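Descriptive analysis of the structure
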Amino acid sequence: LFLRDIVDDDDDDDLERVSWSGEPVGSKCRSTLCLSLSALSDTGVKNYAPELRRPKAEYKDYSSDWSPKDTVRRMQRGKVCSLERFRSLQDKLVLLDEAVAGHDGNVITAVLIFLKRTLRREILFRELEVRQVALCHLIHFLKEAGEQKLLLDLLRFLDRTEEVALSQYREHLNIQDVEKRREFLKGCIGLPFSAEDTSHIQDHYTLLERQIIIEANDRHLETAGQSEVFRKYPRKASILNMPLVTTLFYSCFYHYTEAEGTFSSPTNLKKTFKIPDKQYVLTALAARAKLRAWDDVDALFTTKNWLGYTKKKAPIGFHRVVEILQRNNAPVQVLQEYVRLVEDVETRLNLATKYKCHDVVIETYKDLKDRIQLTAYKCKVERGSAEEEKINSILNNMQIRWKN
Amino acid sequence: EKMFTLKPGRLPQADVKNIIFFVRPKLELMDIITDNVLREDRGRSPQRDFHILFVPRRSLLCEQWLKEQGVLGSFIHREQYSLDLIPFDGDLLSMESESAFKECYLESDQTSLYHAAKGLMTLQALYGTIPQIFGKGECARHVANMMIRMKREFPGSQNSIFPVFDTLLLLDRNVDLLTPLATQLTYEGLIDEIYGIQNTYVKLPPEKFAPKKQGEGGKDLPTEPKKLQLNSAEELYAEIRDKNFNAVGSVLSKKAKIISAAFEERHHAKTVGEIKQFVSQLPHMQAARSSLANHTSIAELIKDITSEYSLNSLTNLNITRCETTWWTSFSLAKIASEDFFDNLTVEQEFMSGIDTDKVNNYIEDCIAQKHPLIKILRLVCLQSVCNSGLKQKVLDHYKREILQTYGYEHILTLNNLEKAGLLKPQTSGRNNYPTIRKTLRLWMDDVNEQNPNDISYVYSGYAPLSVRLAQLLARPGWRSIEEVLKMLPGPHFEERQQLPTGLQKKRQHGENRVTLVFFLGGVTYAEIAALRFLSQMEDGGTEYVIATTKLINGTSWIKSLMEKLEPAPF
């Protein structure tokens, strides 16, 4: 009964190609192991070759004599059992407990579906509260089946408030219409999230609200055709539902010069969402670099001290600035300015050499008093160029105390 | 007759009487089937009959779903095909249940554990009752309980087979959350990390696999990805799959010399007998050469991505085609490989316990540059696990940056990760990881990648915690690490199963014990390599067979825990 010899050739082929994605499984399937695995299914469960004309009696269970335990057993073996005869609450609970003890998720689900249908909600919830395994099964089932309302009622009953909040928040993903989604998110704000999460939800709502306004305005601007930046760089997609940083980039790209008062200005976004300096500078840099607005880039890093002198500062390392500028094909003169500001000497040299910022290389070797390297660098510059002259004049400078 | 992949839309034309849907009991698949059935032309002749086969078990939920869609009646037969454990290789079995970890640890749904128990019962029916069961973890406990109960309830399954397995070790994935998060550094592990191995097949970019001969009519480079099968039936692969990637180059180089020499033999063959012998070996040599070519190409591909890390292994290789490719691709792919190297450096810092309590600059930079979210999640989870949870301020900082950069909807995923214990606040104010790391010797400074003497070679320094537990169980036993075991989640236990008299095996002197290690929640190729390393150790005493609910890597694992969000509007 247990070990059946499967000799049919066709069946072999099926097994060789078994894989649940439909793709052939190439591994040398130990055929005996494979074959026997299928052979060792429970009695009563049909094999992969479905048989025709099984007696009807084996499908449906008409007998009224099966105890809860036996019913569960039969269900575990794949027989369809009618559960209607379990009328009293007591019987139903015994059935549920037997199902849970049997560990077969299918059977537990079947019983739960039956109880869901035939028990008053309060009673079902109350009984499940003290039956953890069954409870988890029901929650999983409700999630899978998309029975959102019942799921939320159950979670509320259990006082699993944060889960209620998150579960409800998840629903926003199913709302395509932007206005409706905004309304929905607004409703989510009062939900019992953790303190941190509450602020995120609030931000999500505020952001979408802003995006809707910006989108409407910008679409108008675009069609009017008056704004140069929109003409030169037509938008590829809408800003709706984009993350905050993406929105900031968009704002730095299309609305950089706007005053803080408007919804679409970058500074307004920074203030409203408390975007840290680092993130702000990086994003603004990326946007202005893309537009090749080198003056704006310059202004980002220039600060005036109380004497009126300007200084260059960055909340991110200048090597990062160089990276971003280079990725946007900044001209060497612009690049050079920032390579010069890289603090770490080795990094500075690497970048300067890599991007052919000759002046910076020359200056650095001069500062390092490294005559050998400076001489060697001559071959990297053009014959007769200003750079070559510069190198020569430095090399000839008697004042410098070379280290080598 | 023919097998097609399940897709929505009309069913392909095929002149058959019966159509069988062979599926896992997933609701999404039911929707596709419904679509297929509804679109079937009822007027066609001959009419086709529908049947459905669920693997491994029928699901009432699915059938209910089909009923609600109105198509349940279209199926003449609805059956199940009990395929629990699928052999992937001579020492590897997997249930390929992707959702097992999420179901067990996030949703407390133990259905997959039930299937695992069933699979184990089947194994015992074939290979004998396993006399000793050890376990660590809640799920392990459940599976053991179910096995014992099933044995009681089906006494007919008592058999008279000599037990092949001496021990069963059940391990919860959440006992070792660290290992899958780290980047695997074995040859097979790296292939999986970079390209993803599906059911022993891998799809690779085709450029390096173009035929060398130009005589093929000057064909363009192939555009279809190159599909290769990877298992131990291929000699060369069996030899290099579990090695640290840095040790692969010298093996390929030696092989190249051997194969060249073998082909040279034809010049030495003088007698008819010798020529005949040479010709008879030709197919094998050609297969070996083609295998070598494939793996040289794969190694090159991996090198392109990891080259700065594996700079030292460039020197040994003597295959001319490769050398030039490597140096040129080194400079071109510098950016990708720099990042691989930086990423690896941060991982190793965390695993060796350095700076796990602060916000990490590299991670921040990656978020700022909007690297793929899964990469970020792997790193922050790794930091959290190596710190027994992050300080609230650090956690909040990461969360804020992630939500602002990738979108607020990811709150749902972050919540899942917290529930799974991967990214959570430090509750007790105490970090247990250093103690665990020191006691179990998880971080080994002097690792030898070429000729390893310890399992830590699979991550170039980090010994997988799960495999260490297996190693220590064999020798000297878990009593020596009681304190540390208590720091890891879940109970640990031992059970004995009665063997019928006469079957009690006494191992001969020098004969190895066989232990089946079952990872509940997933296992990585690196862990498999580590266990194989233990198996082939001289005087190791134990050989290992590995079973699991799913073969995973950090990326696929984290992905299974992410909330399914709608695709971006772009």
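As recorded in an unreviewed UniProt entry, chain B goes by the name Vacuolar protein sorting-associated protein 33A, listed as coming from Bubo bubo. The heading Sequence similarities (unreviewed entry) in the UniProt record of chain B holds the text "Belongs to the STXBP/unc-18/SEC1 family."

Chain A goes by Spermatogenesis-defective protein 39 homolog in an unreviewed UniProt entry, where it is assigned to Bubo bubo.

Examining the overall build of chain A
When helices and strands are counted, chain A shows 22 helices and four strands. Burial analysis of chain A (404 residues in total) assigns 46% to the buried set. Long-range pairs, those at least 24 residues apart, make up 47% of the contacts in chain A between residues at least 6 apart in sequence.

Thoughts on the overall build of chain B
Helix and strand content of chain B: 20 helices and 13 strands. When the 570 residues of chain B are sorted by exposure, 57% land in the buried category. In chain B, once contacts between residues fewer than 6 apart in sequence are set aside, the share between residues at least 24 apart is 78%. Summing over all exposed atoms, chain B offers an accessible surface of approximately 25100 Å²; the carbon and sulfur share of this is 52%.

Quick word on the pairing of strand β9 (residues 201–204) of chain B
Sheet faces and side chains relate simply in a regular strand, where the side chains alternate between the two faces. Residue and element names in this part refer to chain B. Strand direction decides the pairing type here: strand β8 (residues 197–198) and β9, joined by two bridges, are antiparallel. Bridging across to β9, Gln198 finds its partner in Tyr201. The hairpin formed by β8 and β9 contains two residues between the paired strands, and Asn199 there has a positive phi angle of roughly 50°. Pairing analysis gives four bridges linking β9 to strand β10 (residues 226–229), with the strands arranged antiparallel. Looking across to β10, one finds that Lys203 is bridged to Lys227.

Observations concerning helix α22 (residues 386–395) of chain A
All names here are of chain A. Within α22, burial applies to Glu388, Ile391, Ile394 and Leu395. Within α22, the buried residues cover an arc of 130° as seen down the axis, which keeps them to one side. For α22, the exposed residues set more than 90 degrees away from the buried face come down to Ala386 and Glu389.

Details of empty space enclosed by the protein
Across all of its chains, the model carries 11 cavities of 30 Å³ or more by this definition. Empty space within the largest cavity amounts to approximately 160 Å³. As for the largest cavity, its lining consists of 13 residues, of which Gln76 and Gly102 of chain A together with Tyr114, Glu153 and Phe154 of chain B are closest to the centre. Broken down by element, the residue count for the lining of the largest cavity peaks at four residues, all from helix α5 (residues 138–153) of chain B. Counted by class, the lining of the largest cavity contains four nonpolar, three polar and six charged residues.

Focus: the sheet that holds strand β12 (residues 513–520) of chain B
All names here are of chain B. As summarised here, the arrangement of the seven strands in space is β4-β5-β13-β12-β7-β6-β11, forming an open sheet in which the pairing is mixed. One side of each edge strand has no neighbouring strand; the edge strands of this open sheet are β4 (86–89) and β11 (492–496). Neighbouring strand axes in the sheet, compared pairwise and without regard to direction, differ in orientation by 20° on average. Pairing between strand β6 (residues 132–136) and β11: five bridges, direction antiparallel. Considered in β11, the bridge of Gly135 is made with Phe493. Packing of helix α4 (residues 111–127) onto the sheet brings it into contact with β5 (92–94), β7 (167–172) and β12, and relative to β12 it is tilted by some 160°.

Structural notes on the packing of helix α13 (residues 244–254) of chain A against helix α14 (residues 266–273) of chain A
Residue and element names in this part refer to chain A. At their nearest, the axes of α13 and α14 sit 8 Å apart, and the two run at 155° to each other. As the angle between them shows, α13 and α14 are arranged roughly antiparallel. Between α13 and α14, the contacting residues are Leu244, Thr247, Leu248, Ser251 and Cys252 on the first element and Pro266, Leu269 and Phe273 on the second. Here the contact of α13 with α14 is built from residues that sort into six nonpolar, two polar and no charged.

A word on the environment of Leu138 of chain A
All names here are of chain A. Position of Leu138 relative to the elements: it lies in helix α7 (residues 132–145). Distance from Leu138 to Leu128, taken between C-alpha atoms, is 8.8 Å for residues 10 residues apart in sequence. Non-local contacts of Leu138, meaning those with residues more than four positions away in its chain, are made with Leu112, Leu124, Leu128 and Leu154.

Some thoughts on the nonpolar core
Formed by 220 residues in total, the largest nonpolar core has its most connected members in Leu325 of chain A together with Leu170, Leu422, Leu469 and Phe518 of chain B. It is helix α13 (residues 373–385) of chain B that provides the largest number of residues to this core, a total of nine residues. With 55 residues, the next largest nonpolar core counts Ala134 and Ile139 of chain A together with Val37 and Phe50 of chain B among its residues.

Some words on unusual backbone geometry
Cis peptide bonds are those with omega within 30 degrees of zero, and the linkage from Val55 of chain B to Pro56 of chain B qualifies with -10°. Within the fold, Pro56 of chain B resides in the loop between β2 (49–54) and α2 (60–68). The backbone phi angle of Asn329 of chain A is positive, close to 60°, even though this residue is not glycine. Residue position: Asn329 of chain A is located in the loop between α17 (318–327) and α18 (332–339). Phi at Ser388 of chain B takes a positive value of approximately 55°, unusual for a residue other than glycine. Note on placement: Ser388 of chain B falls in the loop between α13 and α14 (392–406). Owing to a relative accessible area of 21%, Ser388 of chain B belongs among the partly exposed residues under this scheme.

Side note on the state of the cysteines
Going through the model one piece at a time under the given rule, you end up with zero disulfides over all chains. As a non-bridged cysteine, Cys379 of chain A has Cys357 of chain A as the owner of its nearest cysteine sulfur, 17 Å distant.

Points about the pattern of salt bridges
Evaluated as defined, the whole model comprises 56 salt bridges over all chains. Note that Arg235 of chain A and Glu222 of chain A form a salt bridge whose closest N and O atoms lie 3.2 Å from each other. Of the two residues, Arg235 of chain A sits in the loop between α12 (228–232) and α13 while Glu222 of chain A sits in helix α11 (residues 195–224), which places them 13 residues apart along the sequence. A relative accessible area of 15% places Arg235 of chain A in the buried class. Salt-bridge contacts for Arg78 of chain B lead to Glu63 of chain B; the nearest nitrogen and oxygen are separated by 3.2 Å.

Regarding the pairing of strand β1 (residues 18–23) of chain B
Residues and elements named next belong to chain B. Only one face of β1 is covered, namely the face carrying Ile19, Phe21 and Val23; the face carrying Asn18, Ile20 and Phe22 is uncovered. Direction of pairing for β1 relative to β2: parallel, over a ladder of six bridges. Following the sheet pairing, Ile19 is matched in β2 by Phe50.

Some details on the environment of Ala352 of chain A
Residue and element names in this part refer to chain A. Summarising the element assignment, Ala352 is placed in helix α19 (residues 345–354). Distance from Ala352 to Leu335, taken between C-alpha atoms, is 9.0 Å for residues 17 residues apart in sequence. Among residues more than four places away in sequence, those in contact with Ala352 are Val339, Cys357, Val360 and Val361.

Things to note about the confidence of the model for chain A
Residues and elements named next belong to chain A. For chain A, per-residue confidence averages 80 on the pLDDT scale, and residues scoring 70 or more make up 83% of the total. Within chain A, the element-level pLDDT minimum falls on helix α2 (residues 31–39), averaging 35, and the maximum on helix α10 (residues 178–188), averaging 95. Ignoring residues within four places in sequence, the model shows residues 1–59, a span with pLDDT below 50, making 84 contacts including any to other chains.

Topic: the packing of helix α6 (residues 187–195) of chain B against helix α9 (residues 272–306) of chain B
The geometry of a pair of packed helices is captured by two quantities: the angle between their axes and the separation between those axes. Residues and elements named next belong to chain B. At a minimum axis separation of 11 Å, α6 and α9 run at an interaxial angle of 65°. In the packing of α6 onto α9, the handedness of the crossing is left-handed. Residues Tyr187, Leu190, Ile191, Ile194 and Tyr195 of α6 pack against His295, Ile298, Ala299, Leu301, Ile302 and Ile305 of α9. Of the residues in the contact of α6 with α9, the class split is 10 nonpolar, one polar and no charged.

Re the side chain of Thr356 of chain B
Residue and element names in this part refer to chain B. Within the secondary structure layout, Thr356 lies in the loop between α11 (334–351) and α12 (361–368). Polar side-chain contacts of Thr356 include one of 2.7 Å to the side chain of Asn387. When sequence neighbours within four positions are dropped, the list of residues in contact with Thr356 reads Phe350, Gln383, Cys386, Asn387, Leu390 and Asn431.

Focus: the sheet that holds strand β3 (residues 75–80) of chain B
Residue and element names in this part refer to chain B. Spatially, β1-β2-β3 is the arrangement adopted by the three strands of the open sheet, whose pairing is parallel. Both edges of this open sheet fall to β1 and β3, since each of them pairs with a single strand only. The average angle at which neighbouring strand axes cross in this sheet is 15°, direction not considered. Packed on one face of the sheet, helix α1 (residues 27–38) meets β1, β2 and β3 and runs near 165° to β1.

What counts, and at which threshold
Residues numbered from 1 in each chain as written. Chains lettered and ligands numbered in written order. Predicted model: local features only at pLDDT ≥ 70, side-chain atom pairs only at ≥ 80, totals over all residues. Heavy atoms only, no water. UniProt positions renumbered as here; feature names shortened; annotations may be inferred. Helix = DSSP H or I, 4+ residues; strand = E, 2+ residues; numbered from the N terminus. Buried < 20%, exposed > 50% of the residue type's maximum accessible area, 1.4 Å probe, protein only. Contact = heavy atoms within 4.5 Å. Areas by Shrake-Rupley, 256 points an atom, 1.4 Å probe, with all protein chains shown as cover. Pairing = 2+ DSSP bridges. Arc of directions from axis to C-beta. 1 Å grid on protein atoms, 1.4 Å probe; cavity = no way out; pocket = protein on both sides within 12 Å on 5 of 7 lines; lining within 4 Å. Points joined across faces, edges and corners; volume = space filled by probe spheres on them. Nonpolar A, V, L, I, M, F, W, Y, C, P; charged D, E, K, R; others polar. Axes fitted to C-alpha atoms, helices over the stretch in contact; angles between N-to-C directions. Parallel < 35°, antiparallel > 145°, perpendicular 65-115°, else oblique. Core = buried A, V, L, I, M, F, W, Y, C linked by side-chain atoms within 4.5 Å. Disulfide = S-S within 2.5 Å. Salt bridge = Lys/Arg side-chain N within 4 Å of Asp/Glu carboxyl O. pLDDT = per-residue confidence, 0-100. Left-handed = near helix turned anticlockwise from the far one by under 90°. Polar contact = N/O pair within 3.5 Å; in protein donor to acceptor, adjacent residues only side chain to side chain.

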